[in-house]
Amino acid sequence: MAWRFLLTKTLTLALNPNPNPSKPFLTSPFSTSFLVTKTPKKFKKKRTKKESPRTKLVNSEPNRIPHFEHIVERDAFLRFVTKSKDFLSKQPEHVLRLDDAGKLHRELGFPRGRKVSRSIERYPLLFQAYRHADGKMWFGFTELMEDLLDEERAIADSMEADRVTTVRKLLMMSANKRIPLSKIHHCRSLFGIPEDFRDRVAKYPNYFRIVVEEDGKRVLELLNWDPLLAVSALEREFVVDEDKAKRAFKFPMKHGKDLDLDEDDTRKLNLLNTLPLVSPYSDGSRLDVWTLEAEKYRVGVLHELLNLTLEKRASIHHIVEFKEEFSLTRHTYQMLLKQPRTFYLAGTEMNWAVFLKDAYDENGVLKHKDPLVVFNEKLFKFAQMREMKPGFGIDKK
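Cut-off values and rules
- Along each chain, residue indices are assigned from 1 in the same order as the chain's sequence is written.
- Where totals are concerned, whole chains, interfaces and linings use all residues; where local detail is concerned, this predicted model gives features only for residues with pLDDT of at least 70, and gives and counts side-chain atom pairs only at 80 or more.
- To obtain the side-chain values, all non-hydrogen atoms of the structure were included, while hydrogens and water were left out.
- Note: two strands are recorded as paired if DSSP finds a minimum of 2 bridges between them.
- Strands here mean DSSP runs of E at least two residues long; helices mean DSSP runs of H or I at least four residues long; both are numbered from the N terminus.
- Burial classes: relative accessible area under 20% of the type maximum marks a residue as buried, over 50% as exposed, and values in between as partly exposed (1.4 Å probe, protein chains only).
- Cavity and pocket criteria rest on a 1 Å grid covering protein atoms alone: a 1.4 Å probe that fits but cannot get out defines a cavity, protein on both sides within 12 Å along at least 5 of 7 lines defines an open pocket, and an atom within 4 Å of a point defines a lining residue.
- Grid points are joined across faces, edges and corners, and a volume is the space filled by probe spheres set on the points.
- The nonpolar class holds Ala, Val, Leu, Ile, Met, Phe, Trp, Tyr, Cys and Pro. Asp, Glu, Lys and Arg form the charged class, and all remaining residues, Gly among them, are polar.
- Just to be clear on terms, a salt bridge is a Lys or Arg side-chain nitrogen sitting within 4 Å of an Asp or Glu carboxyl oxygen.

Caption draft 1: Spotlight on the pairing of strand E5 (residues 208–212). Two elements, E5 and strand E6 (residues 218–222), share five bridges in a ladder whose sense is antiparallel. When the sheet's bridge partners are listed, Val 212 is paired in E6 with Arg 218. The loop that links E5 with its antiparallel partner E6 comprises five residues; one of these, Gly 216, has a positive phi angle of about 90°.

In structure tokens, the structure reads:
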């Protein structure tokens, strides 16, 4: 019975540690509430957030060229204008229901999760929203924008021969002299190629033909090789200014430090590695990927590719589009960084653009402007205006 009494008492104490509430447990006469048991937030050491390639800038502040960085920022700011212009111009009557537009953030170029109406309101001279007879809200172009589109089509018609030459040179640089039509269409704004180029191809049976592959992919194929076109911009520059062309690229020769060469001897030694360059119109697909010759070829291809663009620049997305056709590697970013004399990379490590430095003056203005570049500059001026300024009309530059 003793063990049963002890067990009952133990359970009672466990359920009620103080069996006599009138006599509370003894407590310390000193309060410990003033003691800080946790470190306040303001005293906690803040963790430095690790930069990701999405946010880390390609160039640090001392090495940045502001006018190139500004061009990249301007493109991001005006993405809604350029993408909405392209998308709406393909719609019947150039209009779109506002409810439908709100779901097309990628196609129209406005931030995901934002209202499309906010973007429309920013550019009142180019876009307008209105209530249709069906009671629904629609948005489309203003009369000014419609006039600008007519002007753009006229420029495309006048520059057709030049655009055909550009496509011929792209095909001549590509492996097997073939490029899917979808890739050319995706990068058409880069080269000033009109929206309806796929239909215009039929007008040039001596230059191109369209091949439909088993999977239904339509591929543009080159029919005739023109040796007069197979001369790169760098080769033409070499004839005019040999020293300038020699300084364009640098492929250092690996050697031991015990050679103890001075600066002039080092430059001459490196020049043996740099010249001769490999023509971008040669077949780069046959080269061993990791050889110096292959790297020279890839640098030459990108130099010529940028020369064919309207603004002598391209984004990573455009370059990746032609990766297979131009035998490029996933190390293109590092390769371009090694050639700072000729190329400048702006933006972030994940979303960068590459510029041909010599194509711009010291103020970041293109030395030679294509008519379509002049048109785009005028379009951007209208985009930044809230109302029409006196004396600034459709015919003003």
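Caption draft 2: Structural view of the pairing of E6. When you tally the buried positions in E6, you get four out of five residues, the bulk of the element. The pairing of strand E4 (residues 178–180) with E6 spans three bridges and is classified as antiparallel. Paired with Ile 179 across the strands is Leu 220, a residue of E6.

Caption draft 3: Expanded view of the layout of surface pockets. Counted as a void, the second largest pocket has a volume near 820 Å³. Lining the second largest pocket are 34 residues, with Ala 233, Arg 236, Asn 307, Lys 312 and Ala 359 sitting closest to its centre. Of all the secondary structure elements, the ones that give two or more residues to the lining of the second largest pocket are helix H8 (160–173), helix H12 (233–240), helix H13 (242–247) and helix H15 (292–308). Taken together, the residues of the lining of the second largest pocket sort by class into eleven nonpolar, seven polar and 16 charged.

Caption draft 4: Fine view of the pattern of salt bridges. One pass over the structure, following the stated rule, counts 27 salt bridges. Between Arg 209 and Glu 221 there is a salt bridge; the shortest N-O distance is 2.6 Å. Taken together, the residues Arg 209 in strand E5 and Glu 221 in strand E6 connect sequence positions twelve residues apart. Each member of the salt-bridge network shares a partner with another, and the members are Asp 157, Glu 160, Asp 196, Arg 200 and Lys 203.

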